[in-house]
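Understanding the architecture of this molecule
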Amino acid sequence: MAEPLKVLVTGAAGQIAYSLLFSVGKGDVFGQDQPIILVLLDIPPMMGVLEGVVMELNDCSLPLVKGIICTHDLEEAFTGIDVAFMVGAMPRREGMERKDLLKANVKIFKQQGEALDKFAKKDVKVLVVGNPANTNACICAKYAPSIPKENFSAMTRLDQNRAQSLVANRLGVPNSDVWNVIIWGNHSSTQFPDVQHAKVKIGGEDKNAFEAVKDDSWLKNEFVSTVQKRGAAIIAARKLSSAMSAAKAACDHIRDWWNGTQEVGFNFQSIFSINLIFLKN
Ligand SMILES: NC(=O)c1ccc[n+]([C@@H]2O[C@H](COP(=O)([O-])OP(=O)(O)OC[C@H]3O[C@@H](n4cnc5c(N)ncnc54)[C@H](O)[C@@H]3O)[C@@H](O)[C@H]2O)c1
């Protein structure tokens, strides 16, 4: 068996991590032959909750999990890691201005970027999930100058999965039969889900999405706004933000980045969106 990979999840006591840790632990991301050591980072007040998460992970009895490190210490969390799922972030509270949210997150991602720079492997792959994800990824990369910029990405895979599934449901085909959907812009309501190059396998043929859907108005209007507003719709319904789907998207993102994409389902935009930030800066 291969040497275990050291996989860090920040915000490990939170709701996304609750689904994410299980999926990573059972081999959905790195495969069934790859053992892992899970490193769980959260803030000191959450250590009690984290203990409960560790109890549950142990009770899952996952054969690939060779060790679990549970900490609030940055050096312990970031030392020798191969992959970082950066999920923990300061949430926007009622009455909080956008600039206050940014200020709080700059502090977190500056410290964590510095810790990556000092303690992580130089080829570590970093996925930032915590919002504002694109800005946080940019800050993190800035403070980790010894790690190549292309090793940082922000998660827009959830938006991509949402777009892909909307088209698939509209046509009554499996999600895997829709590919090349692109998300332009940041993970926010200003993003643009683009199906100009999307393909659909339908009736034994590969068709362009517009040709398959046969409703340009739906693709140009309702489809776009549904994807843009999906996060808000989930909060309105669940009274909590997307967690299961966000964890699945984080797994999809790292799995495709780590292993390469399959022949059908060419998914490059999550990585592309962060590269756009670097071009601008
Ligand atoms: N990019 C996306 O598509 C996407 C989708 C859904 C949610 N999100 C974002 O993901 C983040 C996490 O969501 P959640 O639902 O799991 O939130 P949550 O509040 O349930 O969990 C967040 C966890 O992060 C921890 N945390 C806060 N500051 C930390 C720090 N400095 N170091 C380590 N841990 C820290 C908290 O203690 C908490 O346990 C949020 O910012 C959310 O907006 C992004």
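This text follows the structure it describes.
Please read these numbers as outputs of a predicted model, since none were measured by experiment.

1. Focus: the pattern of salt bridges
- If you walk through the whole model with that rule in mind, you get 11 salt bridges.
- The residue D159 makes a salt bridge to R162 at a minimum N-O spacing of 3.6 Å. Of this pair, D159 and R162 both sit in helix α6 (residues 157-171), three residues apart, roughly one helical turn. Take D159 and R162: they sit in the same class, and that class is buried.

2. Details of the site of the ligand
- Around the ligand there are 22 residues in total, and Q15, I16, D42, V129 and N131 lie nearest to it.
- The backbone of V129 places a nitrogen or oxygen atom 3.3 Å from a nitrogen atom of the ligand.
- Here H187 contributes a side-chain N or O atom positioned 3.1 Å from an oxygen atom of the ligand.
- Protein coverage of the free-state accessible area of the ligand, which is 870 Å², stands at 82%.
- Those elements that place two or more of their residues in the shell around the ligand are α1 (15-25) and α4 (98-119).
- Across the shell around the ligand, the residue classes tally to 11 nonpolar, 10 polar and one charged.

3. Comments concerning the nonpolar core
- One finds V7, L20, V24, F30, L38, L40 and F85 to be the most contacted residues of the largest nonpolar core, which totals 37 residues.
- Broken down by secondary-structure element, the contributors of at least two residues to this core are β1 (5-10), α1, β2 (36-41), α2 (47-60), β4 (83-86) and α10 (244-259).
- Sort the elements by how many residues they give to this core and α10 lands first, with seven residues.
- Discounting chain neighbours no more than four positions away, the residues touching L20 are V9, F85, V87, A247, A250 and C251.
- In this structure, V124, V128, I139 and F152 belong to the second largest nonpolar core, which totals 24 residues.

4. What to know about the sheet that holds strand β10 (residues 199-202)
- In space, the three strands of this open sheet follow the order β7-β10-β11, with antiparallel pairing throughout. Of all strands in the sheet, those bounded by a partner on one side alone are β7 (178-179) and β11 (205-208).
- Taken together, the two bridges between β7 and β10 define a ladder with antiparallel strand orientation. Counterpart to W179 in the pairing with β10 is K199.

Quick notes on the rules
Residue numbering note: each chain is counted from 1, following its sequence as written. Predicted model: local features are reported for residues with pLDDT of at least 70 only, side-chain atom pairs are reported and counted for 80 or more only, and whole-chain, interface and lining totals are derived from all residues. Note: side-chain values were computed over all heavy atoms of the structure, leaving out hydrogens and water. The salt bridge definition used is simple: a Lys or Arg side-chain nitrogen within 4 Å of an Asp or Glu carboxyl oxygen. Helix numbers and strand numbers start at the N terminus; a helix is a DSSP run of H or I with at least 4 residues, a strand a run of E with at least 2. To sort residues, take the accessible area from a 1.4 Å probe on protein chains only and compare it with the maximum for the residue type: under 20% means buried, over 50% means exposed, and anything in between is partly exposed. The cutoff for a nearby residue is simple: one of its non-hydrogen atoms must lie within 4 Å of the molecule or strand. As used in this structure description, the phrase polar contact means that two N or O atoms lie within 3.5 Å; if the pair is within protein, one of them must be able to donate a hydrogen and the other to accept it, and residues adjacent in sequence are counted only when both atoms belong to side chains. In these tables, accessible area is a Shrake-Rupley quantity obtained with a 1.4 Å probe, and a residue counts as shielded only by the protein chains included in the view. In the scheme used here, Gly and all other residues not listed as nonpolar or charged are polar, with Ala, Val, Leu, Ile, Met, Phe, Trp, Tyr, Cys and Pro taken as nonpolar and Asp, Glu, Lys and Arg as charged. Definition of nonpolar core: a set of buried residues of the types Ala, Val, Leu, Ile, Met, Phe, Trp, Tyr and Cys, connected through side-chain atoms within 4.5 Å. A contact between two residues is defined here by any heavy atoms of the two lying within 4.5 Å. Pairs of strands are assigned from DSSP output, requiring at least two bridges between the strands.

In short, geometric facts, not functional conclusions.
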